[in-house]
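Analysis of the macromolecular model
Listed below, chain by chain, are the residues.
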Amino acid sequence: MAAPGTRRVSGSLHPLIRASVPRHTTALSVVLAWLQTLALAAVFIVVGAAVDALAAGEDVRPAVIVIAAAVVPVAVLSGSIPILTAHAQDRAERMLRAGILDGLFDGGVRAAPPSGELLSLATGAVERTARYRAAFLGPTLGAFTTPFLVVGIIGIFLDPLIAVVLLVLVLLVPALIGIAQRASKTSGAENRRQRGRLAAQFLQNVQGLGTLVAAGAAQRAEAELAAQGERHRRGLMRVLAANQIIILVMDAAVSLGIVLIAVLMSVAHVHDTALTVGQGLAVVLCTLLVIRPVDLVGQFFYIGIGGRAAQRAIGAHLARTPERSPEHTAASGGTAIAADVAPIVLRDVEAGWVPDNPVVRNLSFAVEEGERVALVGPSGIGKSTVSALIQAQLSPASGTVQVAGLRTSESSAALIRRSIAVVEQRTHLFHGTIADNLRLAEAHIDERGMWEALGFAGLDTEVRAMAAGLETLVGEHGLAVSGGQSQRLAIARAFIRNAPILVLDEPTSQVDLAGEAAFLDRLDGLAEGRTVLMIAHRPAAIISADRVIELTPEGAR
């Protein structure tokens with residue numbers, strides 16, 4: 001039985017995957033393929049007419065003009081299809097990747113897949129799914145339907161009997177592809193499973209490299225990984241060899257067979273004067289359009305089957321995401337509560353990071369509009385857990401948490417976080433420049449705004465003294481700057497964010513005592529006009545709090 005609030009996976013496509021490439025995009029790809037085929041068929045028929053005119057000694061200039069005029073739309077359509085599919089694929093990748101990552105935190109912490117599996121989903125699986133849905137489905141559907149258009153054109157303008165024979169042969173192609181798909185399904189699925197296991201094992205070894213070295217197990221792990229990689233390589237070679245044989249047989253049996261039959265029938269009808277030489281040539285040229293689906297057999301193996309498997313894996317991951325209510329997807333987002341309710345409200349909350357092992361129990365308190373509240377208590381009592389609850393990083397096991405008018409168990413975490421600015425005890429800086437890290441708060445902030453924020457945080461003088469200024473690299477996890485500079489960068493980001501709620505989670509832990517007073521002055525300025533919850537361990541770090549809440553094992557007082 002499925003867990004409450006989750007989607008059941010029953011073979012239906014996940015809504016996010018379906019929405020990643022809109023139906024109108026796929027339909028446009030099909031229409032463009034039809035128009036391209038019709039234009040080419042017209043060119044071939046006119047070429048045949050030009051051959052007949054030339055053989056009869058007639059003026060061929062009108063036919064040449066028509067051919068030249070028809071080549072232009074063919075070229076335009078040929079170029080527009082790749083542009084359309086590339087744009088759709090890029091959009092689908094961004095949408096699917098965001099959905100996979102958002103699903104980890106939407107509504108709070110939940111069971112997540114191993115990091116190797118998650119990496120495989122967010123990279124290879126997303127790319128294969130986007131390519132399948134954006135660059136394969138539409139063009140392939142167009143390619144499988146255009147032969148019927150071409151057969152109709154042959155029947156109307158050239159020879160009905162040849163058209164009927166070609167129609168019968170075209171109808172055999174899907175059946176042959178289905179047989180080939182079933183023949184390769186088992187080996188392909190096993191190869192994909194091996195690839196996923198290999199990626200997960202590689203990432204696990206990288207993450208635990210220090211432990212492996214310390215335990216003297218690095219060489220053994222290397223040998224196991226190499227053996228697993230070799231098994232994957234051999235399996236992949238077997239799959240590729242089998243697929244190539246199937247593709248070769250399909251090409252020989254179908255493509256050559258259809259073309260040969262068309263050539264023989266055209267020659268016979270030309271000999272019987274049922275067709276002119278030019279019309280016979282047009283039939284053969286149009287037959288090349290009829291066999292286009294066979295040319296896609298290779299893509300079906302390498303894009304189609306892999307893409308369908310990848311979208312199933314992504315769908316299974318997304319199905320574990322809690323079901324969103326209609327209010328969640330509305331423009332306002334979340335479930336609104338009464339306007340007179342405080343910006344932060346916790347009612348009878350029990351929560352913890354491990355199921356059935358709560359860190360906080362029976363916790364209830366509220367922070368009123370514009371109030372500054374200090375949350376204190378000894379280490380391990382659950383202060384950081386409360387911070388995670390308020391930031392919608394953790395869902396309560398029982399009770400309710402309401403932030404900025406939204407219940408964290410029902411509303412989007414992203415919507416809540418837009419209302420919160422956070423300065424934490426360990427500021428996370430991404431590997432990049434100072435400017436890059438400031439843009440996390442506001443993507444389109446200009447240089448003047450950055451310097452204003454750094455000035456507010458008391459960091460502008462130090463940054464101006466750096467050789468690269470705003471383009472100074474902060475290093476991996478901010479290791480190229482000091483702890484105090486990291487904290488002041490966090491203040492600058494919070495200043496740029498300008499959110500109505502400010503959460504200060506042990507912000508002075510990385511600041512020495514000598515600089516604490518100046519740092520607190522900046523925090524005091526940042527808190528001006530905002531609702532503030534400050535989590536503090538040292539009494540000196542409490543900035544002019546209106547009220548102090550002490551966490552105890554029984555709750556708050």
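Right, let's walk through the structure included here. (Residues numbered from 1 in each chain as written. Predicted model: local features only at pLDDT ≥ 70, side-chain atom pairs only at ≥ 80, totals over all residues. Heavy atoms only, no water.)

Turning our eyes to something else, we now look at the overall build of the chain. Regarding its fold elements, the chain presents 18 helices and 10 strands. Taking all 557 residues of the chain together, the buried fraction comes to 46%. If you take every contact in the chain between residues at least 6 apart in sequence, the share linking residues at least 24 apart comes to 78%. Accessible area of the chain: about 27800 Å², with a carbon and sulfur share of 62%. (Helix = DSSP H or I, 4+ residues; strand = E, 2+ residues; numbered from the N terminus. Buried < 20%, exposed > 50% of the residue type's maximum accessible area, 1.4 Å probe, protein only. Contact = heavy atoms within 4.5 Å. Areas by Shrake-Rupley, 256 points an atom, 1.4 Å probe, with all protein chains shown as cover.)

It is at 8 Å that the axes of helix α15 (residues 447–457) and helix α17 (residues 483–497) come closest, and there the two elements cross at 125°. Between α15 and α17, the angle falls in the class oblique. Seen from above, α15 lies across α17 with right-handed handedness. Within the contact between the two elements, α15 uses E452, A453, L454, F456 and A457 and α17 uses R488, L489, I491, A492, F495 and I496. When its residues are assigned to classes, the contact of α15 with α17 shows nine nonpolar, no polar and two charged. (Axes fitted to C-alpha atoms, helices over the stretch in contact; angles between N-to-C directions. Parallel < 35°, antiparallel > 145°, perpendicular 65-115°, else oblique. Left-handed = near helix turned anticlockwise from the far one by under 90°. Nonpolar A, V, L, I, M, F, W, Y, C, P; charged D, E, K, R; others polar.)

Attention shifts here to the sheet that holds strand β2 (residues 360–367). Judged by pairing direction, the sheet is antiparallel, and its four strands sit side by side in the order β2-β1-β4-β5 without closing on themselves. Here the strands that pair on one side only, and so sit at the sheet edges, are β2 and β5 (406–407). Here strand β1 (residues 344–351) pairs with strand β4 (residues 398–403) via five bridges, running antiparallel. If you follow E350 over to β4, its bridge partner there is S398. Most of the contacts of helix α12 (residues 383–390) go to β1, to which it runs at about 120°, and overall it touches β1, β2 and β4. (Pairing = 2+ DSSP bridges.)

Our next topic: the pattern of salt bridges. Taken as a whole and judged by the stated rule, the model has seven salt bridges. For R61, the salt bridge is made with D59, and the minimal N-O distance between the two is 3.1 Å. Residue classification places D59 among the partly exposed residues on the basis of a relative accessible area of 45%. Between D90 and R94 there is a salt bridge; the shortest N-O distance is 3.1 Å. Linking D90 with R94, this pair stays in helix α3 (residues 61–105), spanning four residues, or about one helical turn. According to the relative accessible area criterion, D90 is partly exposed, its value standing at 40%. (Salt bridge = Lys/Arg side-chain N within 4 Å of Asp/Glu carboxyl O.)

In terms of residue burial, strand β7 (residues 501–505) counts as a mostly covered element, since five of its five residues are buried. Burial of β7 is two-sided: the residues I501, V503 and D505 facing one way and the residues L502 and L504 facing the other way are all buried. Taken together, the five bridges between strand β6 (residues 420–424) and β7 define a ladder with parallel strand orientation. Among the inter-strand pairings, A421 is bridged to a residue of β7, identified as L502. Relative to strand β8 (residues 531–536), β7 runs parallel, the two sharing five bridges. Bridging from a neighbouring strand, D505 pairs with I535 of β8.

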